[in-house]
2 protein chains.
Amino acid sequence: MKAQALHGHLDALLLAVLEQGALHGYAIIEALRARSDGNLDLPTGTIYPALRRLERAGHVASTWSTVSGRERRTYQLTDSGRRALAGERAGWREFQTTVGRFLDPGSPPAPA
Amino acid sequence: MKAQALHGHLDALLLAVLEQGALHGYAIIEALRARSDGNLDLPTGTIYPALRRLERAGHVASTWSTVSGRERRTYQLTDSGRRALAGERAGWREFQTTVGRFLDPGSPPAPA
DNA sequence: GTTCGACAAGTAGCGTAGCTACGCATGAAG
DNA sequence: CTTCATGCGTAGCTACGCTACTTGTCGAAC
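Summarised in this report is the structure supplied together with it.

What counts as what
Residues numbered from 1 in each chain as written. Chains lettered and ligands numbered in written order. Predicted model: local features only at pLDDT ≥ 70, side-chain atom pairs only at ≥ 80, totals over all residues. Heavy atoms only, no water. Least-squares fit on C-alpha atoms with pLDDT ≥ 70 in both. Contact = heavy atoms within 4.5 Å. Pairing = 2+ DSSP bridges. Helix = DSSP H or I, 4+ residues; strand = E, 2+ residues; numbered from the N terminus. Salt bridge = Lys/Arg side-chain N within 4 Å of Asp/Glu carboxyl O. Buried < 20%, exposed > 50% of the residue type's maximum accessible area, 1.4 Å probe, protein only. Polar contact = N/O pair within 3.5 Å; in protein donor to acceptor, adjacent residues only side chain to side chain.

1. Observations concerning the relation of the copies chain B and chain A
Mapping chain B onto chain A calls for a rotation angle of 180° and an axial translation of 0.0 Å; the resulting RMSD is 0.1 Å. The transformation just described matches what one would write down for a two-fold rotation axis. Minimal C-alpha distance to the rotation axis in chain B is attained by histidine 7 of chain B, lying at 2.9 Å. Here 100% of the contact residues of chain B are again contact residues in chain A; the copies associate through an equivalent surface.

2. Quick word on the pairing of strand β2 (residues 60-67) of chain A
Residue and element names in this part refer to chain A. The pairing of β2 with strand β3 (residues 70-77) spans 8 bridges and is antiparallel. Bridge pairing in β3 links alanine 61 to glutamine 76. Connecting β2 to the next strand, β3, in antiparallel fashion are 2 residues, including serine 68 with a positive phi near 45°.

3. Overview of the sheet that holds strand β1 (residues 23-24) of chain B
Read across the sheet, 3 strands follow the order β1-β3-β2 (chain B) without closing on themselves; strand pairing throughout is antiparallel. One side of each edge strand has no neighbouring strand; the edge strands of this open sheet are β1 and β2 (60-67) of chain B.

4. Focus: the pattern of salt bridges
Side chains that carry opposite charge are capable of pairing whenever their charged atoms lie near each other. All names here are of chain B. The tally for this structure, following the rule as stated, stands at 8 salt bridges over all chains. Ionic pairing is found between aspartate 11 and arginine 53, a salt bridge with its closest N-O pair at 3.2 Å. Taken together, the residues aspartate 11 in helix α1 (residues 10-19) and arginine 53 in helix α3 (residues 44-56) connect sequence positions 42 residues apart. On the accessibility criterion, aspartate 11 (18% relative accessible area) is buried. Taking the relative accessible area as the measure of exposure, arginine 53 reaches 40% and is therefore partly exposed.

5. Let's talk about the environment of arginine 53 of chain B
It is 17 Å that separates the C-alpha atoms of arginine 53 of chain B and glycine 87 of chain B, two residues lying 34 residues apart in sequence. Side-chain polar atoms of arginine 53 of chain B contact the side chain of aspartate 11 of chain B, separated by 3.2 Å.

Interpretation note: all reported values are geometric properties and have no functional meaning in isolation.
Printed below as a string of structure tokens:
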């Protein structure tokens with residue numbers, strides 16, 4: 001799928017995958033790919049800056065760990081992040097119904 | 001609602017409103033506002049460039065008319081536009097289910 | 001024993017596309 | 001006569017995801 005359509009929804013997705021448990025960056029990418037049946041195959045240049053944005057915003061916290069010689073930075077949701085996720089979900093619902101009113105068939109304009 | 005979330009879906013919305021009949025730019029803005037209960041209040045600087053993009057792409061055609069001294073440019077959907085709209089609808093459906101899998105409650109991860 | 005590919009993190013620079021803030025013109029209202 | 005709604009349009013900004021690249025370890029292949 002055209003990934004640029006994600007604009008503005010990526011943060012919500014990241015928070016959502018972290019909701020189920022802490023993951024490191026690479027694993028987040030794989031989780032997104034897995035849970036979307038391969039539809040979301042996001043490059044590191046998209047994920048890592050987004051994670052740092054979320055960390056600056058206080059929505060996630062990161063801890064370094066070394067696993068078999070490899071450094072990995074594991075991210076976990078903060079309370080603030082959990083609240084942000086709730087807001088994102090509400091926003092998504094609103095966005096979905098608003099756009100859906102134009103693009104979903106069945107209830108177009110005047111429902112007369 | 002945060003309008004920047006529209007990214008990538010605006011063309012689809014414009015095609016959708018024009019699907020029900022030709023409108024001029026200003027009327028399109030009002031139609032979007034009306035059909036979205038005021039959630040979509042898009043500035044002219046968003047709409048006009050988008051319409052010209054769609055026209056360059058051949059998805060809409062425009063005709064000038066003068067109404068009580070005021071020039072207005074009326075846009076109508078072309079066949080190509082109708083096809084594009086169908087594609088946009090399909091894309092929207094895919095986007096919706098993909099993102100929804102993360103943000104809609106009820107069917108989160110392992111559906112075991 | 002060197003090379004290659006998966007894992008893991010990261011940055012610089014680009015492009016797209018919507019938004020802000022304008023400018024211009026007409027007609028009606030006050 | 002000034003203000004506001006209608007109506008079109010553009011220049012420049014900004015946000016943000018993407019491309020392409022670098023660095024580094026480890027295990028497997030050759």
